[in-house]
Each structure stands twice: as structure tokens, then as C-alpha cells.
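Survey of secondary and tertiary structure
Here is what each chain is made of, one letter per residue.
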Amino acid sequence: MSTSGGLTDRRGIPAAAFVEDVQIYLSQLNLDVNSALAILQERLQQYRVVEMKLLAQQRDLQAKIPDIEKCLDVVATLQSKKGTGEDLIADFEVSEGIYSRARIEEAESVCLWLGANVMLDYSCEEATVLLQKNLENAKASLEVLVADLQFLRDQVTITQWIDQVTIARVYNWDVHQRRLQQAAATPSES
């Protein structure tokens, strides 16, 4: 058994494998034909589960990035108003769909949600640095996720093709083996 195209695992996602020699494949894994066919089908299902997980992570990151950018804009606006004596009027969401208007005078710091019901007070400069770092990390994670998804989709496509070919090869090998057994069991006429 060898991997198709010389591919290897990518971040825990196994590369699709092509079965070159059915008998060696079955003996290496100590499988019968039905078990081998079931494993090949299960592999495709595992790829689908991983794909759904990665797609959910991608959606989360795609929602997170605009939120971080919005926070950066708010902090930049607060910093631009600093020292001007001009108040900032802002509408903010109190809860889903409920907004309140606030007048912000000379903001020296901002509070940022860190997750797990934790909020910390940061100076505007510290908040900008933290949000920039979070934005860079989120964008980098999204790039990796997109690459992982592309690799996974390639493996699904390869696996679907390989599975069809391999299933046919395993089935044909099994039929051939049964014929050989029947031929060996049937006395030959001389």
C-alpha cells in the first residue's frame, strides 16, 4: 500500500492511500475482504466528519475577524478623540437586538472580553496591540484552515476515486481467489 502521489498526513489528516497489491494489503492489516471494504468506506466517512469540523472552525474565524476589526476601529476612534475635548456618542449592543446610546468622554482605557466570561481593562495602546495580535493570529489560522480544507477535499476526491477502484480490485481479487479454491477443490479430469 502506498500513498497516492507521494502525499503524507497534513496536520493529522491522513493522505488517501492506493492499494497496489490487494493480497499484501489484506495480509498486512490481517483483514478479510469484507473488513477491508468496510474500512475503505469508513475512511471516506471520517474525511466527511473532519471536513464538517474544519468548516465550523472556518465559519467561527470568518465571524471573529470582522469583530476584531470592528474593535480595532472603535479603539482607534477613541484614541483619535483623546485630548480634543470632543465626546464620542456610540450605540452599543446591550444584548441581542437591544442597543443603548452612550456618551464617552476622554477614554483612557477599554474593557475587552477575553472569553469564558472574563473581561479585562486595557489602556487603548495595550488594547490595540492585543487586538492586532489577535487579528493576525485569526487571519493566519484561517489561512491554515483553508489549506487544510483544500487538502481534505483533495483526499475526499482521491478517496472516492481510489475507493471505487480499490473496492473493484478487492472484489475481483476475492472472486479470483474463490475460483482458484473451487478449481483446487474440484478434481481435474485427466
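Here, the structure is the one placed above.
The structure contained in this document is the topic of the report that follows. Fair warning: this is a prediction, and the values are worked out from it, not measured in the lab.

Cut-offs used in this document
Residues numbered from 1 in each chain as written. Predicted model: local features only at pLDDT ≥ 70, side-chain atom pairs only at ≥ 80, totals over all residues. Heavy atoms only, no water. Axes fitted to C-alpha atoms, helices over the stretch in contact; angles between N-to-C directions. Helix = DSSP H or I, 4+ residues; strand = E, 2+ residues; numbered from the N terminus. Parallel < 35°, antiparallel > 145°, perpendicular 65-115°, else oblique. Left-handed = near helix turned anticlockwise from the far one by under 90°. Nonpolar A, V, L, I, M, F, W, Y, C, P; charged D, E, K, R; others polar. Pairing = 2+ DSSP bridges. Contact = heavy atoms within 4.5 Å. Buried < 20%, exposed > 50% of the residue type's maximum accessible area, 1.4 Å probe, protein only.

1. Digging into the packing of helix α2 (residues 33-81) against helix α3 (residues 124-185)
Where α2 meets α3, the closest approach of the two axes is 7 Å, and the angle between their N-to-C directions is 165 degrees. In this view, α2 runs roughly antiparallel relative to α3, as classed from their interaxial angle. Crossing angle aside, the handedness with which α2 passes α3 is left-handed. When the residues that make up the contact of α2 with α3 are grouped by side-chain class, the tally is 28 nonpolar, 13 polar and 10 charged.

2. Structural notes on the pairing of strand β3 (residues 88-95)
Pairing of β3 with strand β4 (residues 98-104) involves 7 bridges; the strand directions are antiparallel. Counted as the bridge partner of Asp91 is Arg101 from β4. In this structure, the hairpin formed by β3 and β4 is closed by a connection of 2 residues, where Gly97 is found at a positive phi of approximately 80 degrees.

3. A look at the side chain of Gln58
Its place among the elements puts Gln58 in helix α2. Non-local contacts of Gln58, meaning those with residues more than four positions away in its chain, are made with Leu142, Leu145, Val146 and Leu149.

4. Considerations on unusual backbone geometry
Keep in mind that most residues, glycine aside, have a negative phi and that most peptide bonds are trans. Positioned with a positive phi, Asn30 is a non-glycine residue whose angle comes to about 55 degrees. With respect to the element layout, Asn30 can be found in the loop between α1 (22-28) and α2. You can call Asn30 exposed: its relative accessible area is 70%. Here Asn117, not a glycine, exhibits a phi torsion of approximately 60 degrees, which is positive.

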